[in-house]
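Understanding the architecture of this molecule
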Amino acid sequence: MNKLVLLYLPLILSLTSVKAQENLIVNTHGRKTISLNGTWHYIIDPYETGFYDYRFKERPENDPGAYWNKPLITKKADWTEHGYKDPYTIEVPGDWNSQDRMFLYYEGTIWYQRTFDKPTVNADEDIYLYFAAVNYEAHVYLNGKKLGMHKGGFTPFNFRIPPNLLKDYDNNLVIHVNNNRHKDEIPTVNTDWWNYGGITRDVKLIITSKQFIEQYHVQLDQKQDIAKAKKKDKYLLSGWIKLNEPVTTGLISLSIPELKIKKEFQVKGDSVQIAFEVDELDLWSTENPKLYDVIFNFNKHSINDKIGFRKIEVDGTKILLNGNEIFLRGICLHEEIPDERRRAYSKKDALKMLGQVRELNANMVRLSHYPHSVFMPKMADSLGILLWTEIPVYWTIDFKNPEVLKKAQSQLKEMISRDRNRASVITWGVGNETPVSEVRTRFMSTLVKDAKKIDPTRLVAAALEVGYNRGVNYVDDPLGEYTDIVALNEYLGWYGSTPEACQTAQWKIKYSKPFFISETGAGAKGGFHDQKEMRFSEEYQQWYYEEQIKMFKNQFPESFSGVAPWILNDFRSPKRNNPEYQEGWNRKGLIDENGNKKLAFYTLQQYYKELKSKGR
Ligand code: GCB
């Protein structure tokens, strides 16, 4: 070994010993867990001093100056330049921006630290460390050892804790969190929302037997004819169950007590396909969000879920739910509680937002522009609200870069893995307003194909591009060949013209597929009233909605299958700098930043009420 290699050996070892992220454990709510939420310590580190040495090289694992290590102070003369101490505390889960005025616009690195005692576990059990989301890049260290890293701000990840790494007491857990925006990440540098940083969702320990059920998918079999199944009242359920590691042989059982179902499946390797018939199934729908307790067992390991069974499909230009045509009375939603200027993350937050959705008479939500916390699909499952959930492939992604595609693919996989058993989720969104080019269409169609391969039971969509030529809106984006529906965002009457302009708009849609407006909206400052011609007045926004609704009723093609206006609540966006009306907020919400409903809320509510009464 030459001198140079010896010199850098500790560094090389520390880099190569970083483990790849282990397979995602789904449904943590149905497992034995211990929460690590609460008050953590932090160090704000804009210069990355805790990560890199003064030559800007990643610090070796045992470097006392690394912020993942506890400073060793044994005598007065000992020297250290970091430490975790009160009052430098921060709440987990939660974005950092809303926790202290000092963090309001901070983008960069913050180190999070806390200790925990070893939970009591049996000899045949393992402990995993699970993060529901960290925005954007997380490096995780336990007792000075790196467990791994994860990129992607809105999807979960977990690491197995090597048993010999845990002490009985005072285990030192440190997370390096960085939310800098980069051209080659997903999302990229340019978005119309605030880049909230931090450990934004739950952190927990999962205690599980060494061999356990990691993921599963149980659903109404996609291939069966739903009309026939309904007639006979006999349904086929199918899917698969996957263990965390292969076994030579084993038995997995699945029970649905309410249906008097108990099935056993022989597993060889790490997964097994399942299929079985059930009678008298109560199908999940928006009017009847029926969920069944489903219990899986493997050896001593057991996991519970609540699953609804329904079929979503496209038939020509119609979207069918359980064989019946459905019109999507939608609304878009960012994951933000505007009146508290923070990211939403809890069950309570989900209930608040979906409560507003129900009040609007909507039956569908587009969760924009990234996967929201798991509480949203869980709550939507129990309230009977349909969801479109998407990855943040937004605007000008670096489509040429194969590494960027891999990042998008891994976020897509994590999103689908987490939510594939949620009946409410009917659409996977793979991107928003991505500019047409050959390389982009190859990138985006790869994502569509991936989504269909990972989950053939749902619709796949993207907000496509619209061309405009002399009064005609052309929808011929080549990505439309691949998606199940033709979804697009339109702002006729906000960007470039005034609301009545949409009455003369013509639409030419190349694809014979369900046509869905995935955004439309206008800005209004809550409480600002004037004549309807006055931009940013509530009257203008209401006028916009009235004209749009007229257009939907009069000029839209037969294939019109739904609309999700932009957006339920005002949200923070550093791109919105009109000093009178915006002040850092995108004002297209139907509800303002203080929680007050604007006039347009009632206009849309009324339209949806009419549709609902006509059974649409
Ligand atoms: C869009 C984007 C959305 C923006 C919105 C707007 O088309 O998809 O993220 O916030 O327009 O307000 O302009």
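Residues numbered from 1 in each chain as written. Predicted model: local features only at pLDDT ≥ 70, side-chain atom pairs only at ≥ 80, totals over all residues.

1. Brief notes about the overall build of the chain
- Looking only at helices and strands, the chain features eight helices and 33 strands.
- Counting every position in the chain, which comprises 616 residues, the buried fraction comes to 44%.
- Considering only residue pairs separated by 6 or more positions, the chain has 72% of its internal contacts joining residues 24 or more positions apart. (Helix = DSSP H or I, 4+ residues; strand = E, 2+ residues; numbered from the N terminus. Buried ≥ 20, exposed ≤ 12 C-beta atoms within 10 Å, placed from the backbone. Contact = placed C-beta atoms within 7 Å.)

2. Concerning the sheet that holds strand β8 (residues 157-161)
- With antiparallel pairing, the four strands of this open sheet are ordered in space as β1-β10-β5-β8. Looking at the sheet topology across the chains shown, the edges are occupied by β1 (32-35) and β8. Strand after strand, the sheet turns through a mean of 30° between neighbouring axes, direction not considered.
- In terms of strand pairing, strand β5 (residues 125-131) meets strand β10 (residues 203-209) through seven bridges, oriented antiparallel. Across the sheet, residue Y128 finds its bridge partner in β10, namely I206. (Pairing = 2+ DSSP bridges. Axes fitted to C-alpha atoms, helices over the stretch in contact; angles between N-to-C directions.)

3. Focus on the environment of V357
- Looking at the secondary structure, you find V357 in helix α3 (residues 347-359).
- Taking the C-alpha atoms as reference points, V357 and C332, 25 residues apart in sequence, are found 9.6 Å from one another.
- Beyond its immediate chain neighbours, meaning those up to four positions away, V357 contacts I331, A362, V365, I385 and L568.

4. Some details on the packing of helix α5 (residues 402-419) against helix α6 (residues 438-454)
- Between α5 and α6, whose axes approach to 10 Å, the crossing angle comes to 30°. When the axis of α5 is compared with that of α6, the two are roughly parallel. Crossing angle aside, the handedness with which α5 passes α6 is right-handed. Residues L405, A408, Q409, L412, K413 and I416 of α5 form the contact with α6, whose own contacting residues are F443, T446, L447, D450, A451 and I454. (Parallel < 35°, antiparallel > 145°, perpendicular 65-115°, else oblique. Left-handed = near helix turned anticlockwise from the far one by under 90°.)

5. Overview of unusual backbone geometry
- Following D86, the chain continues into P87 via a peptide bond in cis, with omega recorded as 5°.
- Turning to its location among the elements, P87 is positioned in the loop between β2 (38-44) and β3 (89-92).
- With an omega dihedral of -20°, the bond running from S368 to H369 counts as a cis peptide bond.
- Within the secondary structure layout, H369 lies in the loop between β22 (364-367) and α4 (375-383).
- The phi torsion at N361 lies on the positive side, around 70°, for a residue other than glycine.

6. Points about the site of the ligand
- Close to the ligand lie D192, H369, N432, E433, N489, E519, W566, N586 and K588.
- A breakdown of the residues in the shell around the ligand according to their chemical character gives one nonpolar, four polar and four charged. (Near = placed C-beta within 6 Å. Nonpolar A, V, L, I, M, F, W, Y, C, P; charged D, E, K, R; others polar.)

7. A word on the nonpolar core
- Grouped together as the largest cluster of nonpolar side chains are 127 residues, with contacts concentrated most on Y112, I331, V357, V365, L387, V430 and A487.
- Here this core gathers at least three residues from each of two domains, domain 1 (3-209) and domain 3 (314-613).
- Every residue in contact with L387, bar those within four places of it in the chain, is listed here: V365, L367, P377, A380, S424, V425 and I426.
- Judged by nonpolar contacts, the second largest core, of 24 residues, contains V218, I303, I307 and A423. (Core = buried A, V, L, I, M, F, W, Y, C linked by C-beta atoms within 7 Å. Domains from an automatic or database assignment.)

8. A short note on the domain arrangement of the chain
- Segmenting the chain into domains produces domain 1 (3-209), domain 2 (213-310) and domain 3 (314-613).
- On a C-alpha basis, the centroid separation for the pair domain 1 and domain 3 is 34 Å.
- Facing the 26 residues of domain 1 at the interface are 36 residues of domain 3.
- Split by residue class, the side of domain 1 that touches domain 3 holds eleven nonpolar, eight polar and seven charged.

9. Here we look at the pairing of strand β24 (residues 425-432)
- Across the eight residues of β24, eight count as buried, placing the element largely inside the fold.
- In this structure, strand β23 (residues 386-390) lies alongside β24, joined through four bridges in parallel fashion. Residue pairing across strands places E390 opposite G429, the latter belonging to β24.
- After leaving β23, the chain enters α5 and then returns to the sheet as β24, a path that is right-handed.
- Here β24 pairs with strand β25 (residues 459-464) via four bridges, running parallel. Following the sheet pairing, N432 is matched in β25 by A463.
- The handedness of the β24 to β25 crossover, carried by α6, is right-handed. (Right-handed = clockwise from strand over helix to strand, strands pointing away.)

10. Focus on the pairing of β10
- Where β1 lies against β10, four bridges are found, and the strand directions are antiparallel. Within β10, the residue paired with K32 across the bridge is I207.

11. Focus: the packing of helix α7 (residues 538-554) against helix α8 (residues 599-613)
- Where α7 meets α8, the axes come as close as 7 Å, and the angle between the chain directions of the two elements is 20°. The pairing of α7 with α8 is recorded here as roughly parallel in orientation. Note that α7 runs across α8; the crossing there is right-handed. Across the interface between the two elements, E538, E539, Q541, Q542, Y545, E546 and I549 from α7 touch L599, A600, T603, L604 and Y607 from α8.

12. Looking at the environment of N361
- With respect to the helices and strands, N361 occurs in the loop between α3 and β22.
- Given 18 C-beta atoms within a 10 Å radius, N361 is considered partly exposed.
- Note: C-alpha distance between N361 and K146 (215 residues apart in sequence) is 49 Å.
- Once you skip the residues sitting within four places of it in the chain, N361 turns out to touch R329, Q605, Y608, K609 and K612.

13. So, the sheet that holds strand β17 (residues 318-321)
- An order of β16-β17-β18 is seen for the three strands of this open sheet, with the pairing classed as antiparallel. Because the sheet does not close on itself, it has two edges, and the strands there are β16 (312-315) and β18 (324-325).
- In the sheet, β17 pairs with β18 via two bridges, with the strands oriented antiparallel. Following the sheet pairing, L320 is matched in β18 by E325.

14. A short note on the confidence of the model for the chain
- Summary statistics for the chain give a mean pLDDT of 95 and a share of 96% for residues scoring 70 or more.
- With pLDDT under 50 throughout, residues 1-21 is counted as low confidence; its partners more than four residues away or in other chains account for 18 contacts.
- Both scores are available for the predicted complex, with the pTM at 0.95 and the ipTM at 0.99. (pLDDT = per-residue confidence, 0-100.)

15. A short note on α5
- Between the first and last C-alpha of α5 there are 26 Å, a value that for 18 residues agrees with the 26 Å anticipated at 1.5 Å per step.
- Taken together, the buried positions of α5 are occupied by V404, L405, A408, Q411, L412, E414, M415, I416, S417, R418 and D419. (Expected span 1.5 Å × (residues − 1).)

16. Describing the environment of E519
- Position of E519 relative to the elements: it lies in strand β30 (residues 515-519).
- A count of 22 C-beta atoms within 10 Å places E519 in the buried class.
- For the pair E519 and I426, spaced 93 residues apart in the sequence, the C-alpha separation amounts to 17 Å.
- Discounting residues that sit within four places of it in the chain, E519 has contacts with C332, A463, N489, A564 and W566.

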